[in-house]
Amino acid sequence: MKNYFIVGGSSGIGKALSHMLAGAGQQVYATYCNNPVQEEDESISYHFLDVEDKNTALDYLPKQLDGFVYCPGSINLAPFARIKPEDFASDFQLQVLGAITLLQTILPKLKAADQASIVFFSTVAVQTGFNYHTQVAASKGAIEGLTRSLAAELAPHIRVNAIAPSITETALATKLLNSEEKRKANAQRHPLRRIGNTEDIAAMAAFLLSEKASWMTGQIITIDGGISSLKI
Ligand SMILES: NC(=O)c1ccc[n+]([C@@H]2O[C@H](COP(=O)([O-])OP(=O)(O)OC[C@H]3O[C@@H](n4cnc5c(N)ncnc54)[C@H](OP(=O)(O)O)[C@@H]3O)[C@@H](O)[C@H]2O)c1
């Protein structure tokens, strides 16, 4: 049985991943922030964690961790001229510095495992330019740089990869999917004619955590219904 630490395991992709791993018999340490998790699952131990709070105790974690996944993110879309510098800074705090601070704290636990795996989340909007995505792309671009640099520094014992999804049905995407019209329009923009679901993305994260991906590191895996690479 492996130990996995999923930051942001109470919603969306992180929640689906936590259940996938627990269902495969792994021990999952998952965190929530604003939405306490009600359900009971013996293989998932849920803990409060706000990455904005520097004093958070992580004393529930075991000495050894086989995997770390950082899910907190935001999708704030607006014309560039209207975004304040402090909005860019707060996105960077949540999406990048939060991940860095936690990783620096738990790195000894990952180093204690024979082979460990880290998974970060980027977005399709880093490698492909979309209107009104500067705020999210700036932070997630940093995540992609962090992924490759860390992968080099932590090889060969710790692998580091990131997943870059297009729009996926989660609480985070609610504003973009809160009417039938928006859902249809978003589905139509993708060559595979649907929006992503949490399992589409969580399955890749589970794979990257597993030994099946033991020769993969420093990669950004795009899962996007074909939107970044196909014209049909
Ligand atoms: N959904 C999409 O369309 C999409 C597209 C591209 C990229 N992504 C990326 O994929 C990742 C997962 O997204 P998702 O859609 O699954 O998000 P989500 O449903 O909003 O889940 C985010 C998770 O992070 C936790 N969280 C939020 N703020 C936090 C904070 N300050 N401290 C600690 N935990 C915090 C949330 O906890 P609570 O709910 O308990 O507050 C929740 O468990 C994100 O990095 C996102 O940028 C998503």
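Here, the structure is the one placed above.
Basis of the calculations
Residues numbered from 1 in each chain as written. Predicted model: local features only at pLDDT ≥ 70, side-chain atom pairs only at ≥ 80, totals over all residues. Heavy atoms only, no water. Near = heavy atom within 4 Å. Polar contact = N/O pair within 3.5 Å; in protein donor to acceptor, adjacent residues only side chain to side chain. Areas by Shrake-Rupley, 256 points an atom, 1.4 Å probe, with all protein chains shown as cover. 1 Å grid on protein atoms, 1.4 Å probe; cavity = no way out; pocket = protein on both sides within 12 Å on 5 of 7 lines; lining within 4 Å. Sits in = over half its atoms within 2 Å of the grid points. Helix = DSSP H or I, 4+ residues; strand = E, 2+ residues; numbered from the N terminus. Nonpolar A, V, L, I, M, F, W, Y, C, P; charged D, E, K, R; others polar. Axes fitted to C-alpha atoms, helices over the stretch in contact; angles between N-to-C directions. Parallel < 35°, antiparallel > 145°, perpendicular 65-115°, else oblique. Left-handed = near helix turned anticlockwise from the far one by under 90°. Contact = heavy atoms within 4.5 Å. Pairing = 2+ DSSP bridges.

Novice: Account for the site of the ligand, with residues named and values stated.
Specialist: Looking at the ligand, there are 31 residues lining it, with Ser10, Ser11, Cys33, Asn34 and Thr170 nearest. Cys71 has a polar backbone atom sitting 2.9 Å from an oxygen atom of the ligand. Burial of the ligand by the protein chains amounts to 93% of its free accessible area of 910 Å². Judged by the fraction of its atoms near the pocket grid, the ligand is located in the largest pocket. Breaking the shell around the ligand down by element, the ones donating at least two residues are α1 (12–23) and α2 (85–111). Of the residues contributing to the shell around the ligand, the split by class is 15 nonpolar, 13 polar and three charged.

Novice: Tell me about the packing of α2 against helix α4 (residues 134–154), and name the residues and values.
Specialist: Across the interface, α2 lies against α4 with an axial gap of 8 Å and an inter-helix angle of 20°. Viewed along their axes, α2 and α4 adopt a mutual orientation that is roughly parallel. The two elements α2 and α4 meet at a crossing, and its hand is right-handed. Along its contact with α2, which presents Asp87, Phe88, Asp91, Phe92, Gln95, Val96, Ile100, Leu103 and Leu107, the element α4 presents Thr134, Gln135, Val136, Ala138, Ser139, Lys140, Ala142, Ile143, Leu146, Leu150 and Leu154. Each residue belonging to the contact of α2 with α4 can be placed in one class, and the counts come to 13 nonpolar, four polar and three charged.

Novice: Account for the sheet that holds strand β3 (residues 44–48), naming residues and giving values.
Specialist: Taken in spatial order, the seven strands of this open sheet run β3-β2-β1-β4-β5-β6-β7, and their pairing is parallel. Of all strands in the sheet, those with a lone pairing partner are β3 and β7 (220–223), marking the two edges. On average, each strand axis in the sheet is tilted by 20° relative to the strand beside it, whichever way the strands run. With four bridges connecting them, strand β1 (residues 3–7) and strand β4 (residues 67–70) associate as parallel partners. Residue pairing across strands places Tyr4 opposite Gly67, the latter belonging to β4. Across the face of the sheet, α1 comes into contact with β1, β2 (27–32), β3, β4 and β5 (116–121) while running at roughly 165° to β1.

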